Amino acid sequence: MKQDVYPFPQVPSGDTVNAKDFQIKVNGSVLDLDGFKILMQIESEKGVKVKSFSTENFKILITDAAAGKFRITEWEANIPMGNYFVDIRFISPSNKKKTYIKGSLPVTRSTSDV
(Lines give C-alpha, C1' and ligand atoms only; values in the text may rest on other atoms or scores of the structure.)
Protein backbone atom coordinates (compact mmCIF):
# COMPACT_ATOMS: atom_id res chain seq x y z
CA MET A 1 0.00 0.00 0.00
CA LYS A 2 1.55 3.27 -1.06
CA GLN A 3 0.86 6.37 0.94
CA ASP A 4 -1.23 9.15 -0.56
CA VAL A 5 0.57 12.47 -0.71
CA TYR A 6 -1.61 15.43 0.19
CA PRO A 7 -0.38 18.88 -0.89
CA PHE A 8 -1.10 20.92 2.24
CA PRO A 9 -1.55 24.55 1.20
CA GLN A 10 0.99 27.22 2.10
CA VAL A 11 0.08 29.09 5.28
CA PRO A 12 1.56 32.24 6.85
CA SER A 13 2.99 31.71 10.33
CA GLY A 14 0.39 32.64 12.94
CA ASP A 15 -2.64 32.25 10.65
CA THR A 16 -5.66 30.10 11.40
CA VAL A 17 -5.79 27.02 9.18
CA ASN A 18 -9.32 26.11 8.12
CA ALA A 19 -10.80 22.71 8.96
CA LYS A 20 -10.22 20.10 6.24
CA ASP A 21 -12.36 17.06 5.42
CA PHE A 22 -10.85 13.81 4.13
CA GLN A 23 -12.06 10.42 2.99
CA ILE A 24 -9.64 7.53 3.34
CA LYS A 25 -9.55 4.72 0.81
CA VAL A 26 -7.13 1.80 0.86
CA ASN A 27 -6.50 0.05 -2.47
CA GLY A 28 -9.58 1.79 -3.87
CA SER A 29 -11.94 0.72 -1.08
CA VAL A 30 -13.27 2.95 1.69
CA LEU A 31 -11.65 2.22 5.05
CA ASP A 32 -14.33 1.81 7.74
CA LEU A 33 -13.03 3.94 10.61
CA ASP A 34 -15.29 2.43 13.29
CA GLY A 35 -13.15 2.08 16.43
CA PHE A 36 -10.08 3.69 14.83
CA LYS A 37 -7.84 6.36 16.33
CA ILE A 38 -6.22 8.88 14.00
CA LEU A 39 -3.00 10.78 14.72
CA MET A 40 -1.47 13.62 12.69
CA GLN A 41 2.05 14.81 13.45
CA ILE A 42 3.79 17.87 12.03
CA GLU A 43 7.59 17.76 12.20
CA SER A 44 10.30 20.22 11.28
CA GLU A 45 12.95 19.33 8.71
CA LYS A 46 15.17 18.47 11.71
CA GLY A 47 12.65 15.89 12.96
CA VAL A 48 11.27 17.96 15.84
CA LYS A 49 7.54 17.45 16.44
CA VAL A 50 5.87 20.86 16.51
CA LYS A 51 2.16 19.94 16.38
CA SER A 52 0.13 16.86 17.21
CA PHE A 53 -3.54 16.26 16.42
CA SER A 54 -5.59 13.19 17.24
CA THR A 55 -9.04 11.80 17.74
CA GLU A 56 -8.11 11.54 21.42
CA ASN A 57 -7.54 15.30 21.80
CA PHE A 58 -10.56 16.06 19.55
CA LYS A 59 -8.43 17.89 16.96
CA ILE A 60 -9.40 15.15 14.48
CA LEU A 61 -13.04 14.09 14.26
CA ILE A 62 -14.37 10.95 12.59
CA THR A 63 -17.43 12.37 10.84
CA ASP A 64 -18.74 9.22 9.08
CA ALA A 65 -16.88 6.06 10.11
CA ALA A 66 -18.53 3.72 7.60
CA ALA A 67 -17.69 6.10 4.73
CA GLY A 68 -14.08 6.60 5.92
CA LYS A 69 -14.63 10.32 6.50
CA PHE A 70 -12.78 12.45 9.02
CA ARG A 71 -12.03 16.12 9.66
CA ILE A 72 -8.94 17.91 10.88
CA THR A 73 -10.35 20.80 12.87
CA GLU A 74 -9.32 24.44 12.55
CA TRP A 75 -5.93 25.17 14.12
CA GLU A 76 -3.39 27.94 14.60
CA ALA A 77 -0.15 27.78 12.59
CA ASN A 78 1.83 29.28 15.46
CA ILE A 79 5.07 27.74 14.25
CA PRO A 80 8.12 29.40 12.69
CA MET A 81 8.37 29.75 8.93
CA GLY A 82 9.86 26.75 7.17
CA ASN A 83 8.95 23.48 5.50
CA TYR A 84 7.34 20.80 7.65
CA PHE A 85 6.56 17.12 7.16
CA VAL A 86 3.07 15.81 7.92
CA ASP A 87 2.02 12.19 8.54
CA ILE A 88 -1.50 10.98 9.26
CA ARG A 89 -1.50 7.58 10.96
CA PHE A 90 -4.49 5.30 11.46
CA ILE A 91 -4.60 2.97 14.47
CA SER A 92 -7.07 0.10 14.14
CA PRO A 93 -9.09 -1.35 17.02
CA SER A 94 -6.54 -4.21 17.09
CA ASN A 95 -3.75 -1.58 17.46
CA LYS A 96 -2.30 -2.01 13.94
CA LYS A 97 -0.70 1.27 12.85
CA LYS A 98 -0.63 2.45 9.24
CA THR A 99 0.42 5.81 7.84
CA TYR A 100 -1.82 6.28 4.80
CA ILE A 101 -1.41 10.03 4.23
CA LYS A 102 1.74 12.14 4.19
CA GLY A 103 2.65 15.52 2.86
CA SER A 104 4.58 18.70 3.34
CA LEU A 105 3.39 21.95 4.86
CA PRO A 106 5.09 25.19 3.80
CA VAL A 107 4.82 27.90 6.47
CA THR A 108 5.70 31.37 5.23
CA ARG A 109 6.67 34.56 7.00
CA SER A 110 3.87 36.76 8.23
CA THR A 111 4.37 40.51 8.19
CA SER A 112 1.39 41.11 10.49
CA ASP A 113 1.57 40.59 14.23
CA VAL A 114 -1.90 41.00 15.69
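Residues numbered from 1 in each chain as written. Predicted model: local features only at pLDDT ≥ 70, side-chain atom pairs only at ≥ 80, totals over all residues. Heavy atoms only, no water.

Trainee: What am I meant to see in the nonpolar core here?
Mentor: Across soluble globular proteins, you tend to see nonpolar side chains buried next to one another. Core analysis: the biggest nonpolar cluster contains 27 residues, and F70, I88, F90 and L105 have the highest contact counts within it. Ignoring sequence-local partners within four residues, the contact set of F90 consists of I24, L33, F36, K37, I38, F70, K96, K97, K98, Y100 and I101. (Core = buried A, V, L, I, M, F, W, Y, C linked by side-chain atoms within 4.5 Å. Buried < 20%, exposed > 50% of the residue type's maximum accessible area, 1.4 Å probe, protein only. Contact = heavy atoms within 4.5 Å.)

Trainee: Is there a simple way to think about the pattern of salt bridges in this case?
Mentor: If charged atoms from side chains of opposite charge come close, those side chains can pair. Across all of its chains, the model carries two salt bridges by this definition. For the salt bridge of D21 with R71, the shortest nitrogen-to-oxygen distance reads 2.6 Å. Remark: R71 occurs in strand β10 (residues 69–72) and D21 occurs in strand β4 (residues 20–23); sequence separation between them is 50 residues. (Salt bridge = Lys/Arg side-chain N within 4 Å of Asp/Glu carboxyl O. Helix = DSSP H or I, 4+ residues; strand = E, 2+ residues; numbered from the N terminus.)

Trainee: Explain the layout of surface pockets here, please?
Mentor: Over the atoms rolls a probe the size of a water molecule, and its path tells where empty space is left. Considered as a void within the structure, the largest pocket measures approximately 180 Å³ in volume. Of the residues contributing to the lining of the largest pocket, the split by class is 10 nonpolar, two polar and one charged. (1 Å grid on protein atoms, 1.4 Å probe; cavity = no way out; pocket = protein on both sides within 12 Å on 5 of 7 lines; lining within 4 Å. Points joined across faces, edges and corners; volume = space filled by probe spheres on them. Nonpolar A, V, L, I, M, F, W, Y, C, P; charged D, E, K, R; others polar.)

Trainee: I tried to follow the environment of E45 on my own but got confused; where do I start?
Mentor: Looking at the secondary structure, you find E45 in the loop between β7 (37–44) and β8 (49–54). When the C-alpha atoms of E45 and F85 are compared, they prove to be 6.9 Å apart, with 40 residues separating the residues in sequence. Not counting chain neighbours up to four residues away, the residues in contact with E45 comprise N83 and F85.

Trainee: Sorry if this is basic, but what is going on with the side chain of S92 here?
Mentor: Within the secondary structure layout, S92 lies in the loop between β12 (82–91) and β13 (97–108). Side chain to side chain, S92 and S94 meet in a polar contact 3.0 Å long. Filtering out sequence-adjacent residues up to four positions away, S92 remains in contact with G35 and F36. (Polar contact = N/O pair within 3.5 Å; in protein donor to acceptor, adjacent residues only side chain to side chain.)

Trainee: Quick question: what am I supposed to make of the packing of aromatic side chains here?
Mentor: Where two aromatic rings form a pair, the distance of their centres and the angle of their planes describe that pair. Applying the stated criterion to the full structure yields six aromatic pairs. Ring geometry for F90 and Y100: centres 5.6 Å apart, planes at 50°, overall tilted. Highlighted residues: F90 in strand β12 and Y100 in strand β13, separated in sequence by 10 residues. F90 sits in the buried class, given a relative accessible area of 1%. Each member of the aromatic cluster is reached from another via a ring pair, and the members are Y6, F8, F22, F70, F90 and Y100. The side chain of K20 reaches across the aromatic face of F22, ending 5.7 Å from its centre. (Phe/Tyr/Trp six-rings, centres within 6.5 Å; stacked < 30°, edge-to-face > 60°. Lys NZ or Arg CZ within 6 Å of the ring centre and 35° of its normal.)

Trainee: What should I look at first to understand the sheet that holds strand β9 (residues 60–64) in this one?
Mentor: Note on sheets: strands pair through backbone hydrogen bonds, and any given pair is parallel or antiparallel. If you trace the three strands from one edge of the open sheet to the other, you get β4-β10-β9, paired in antiparallel fashion. The open sheet has two edge strands with one neighbour each: β4 and β9. Across this sheet, the average inter-strand angle for adjacent strands is 30°, counted without regard to direction. As defined by bridge partners, β9 adjoins β10 across four bridges and the pair is classed as antiparallel. Among the inter-strand pairings, I60 is bridged to a residue of β10, identified as I72. (Pairing = 2+ DSSP bridges. Axes fitted to C-alpha atoms, helices over the stretch in contact; angles between N-to-C directions.)

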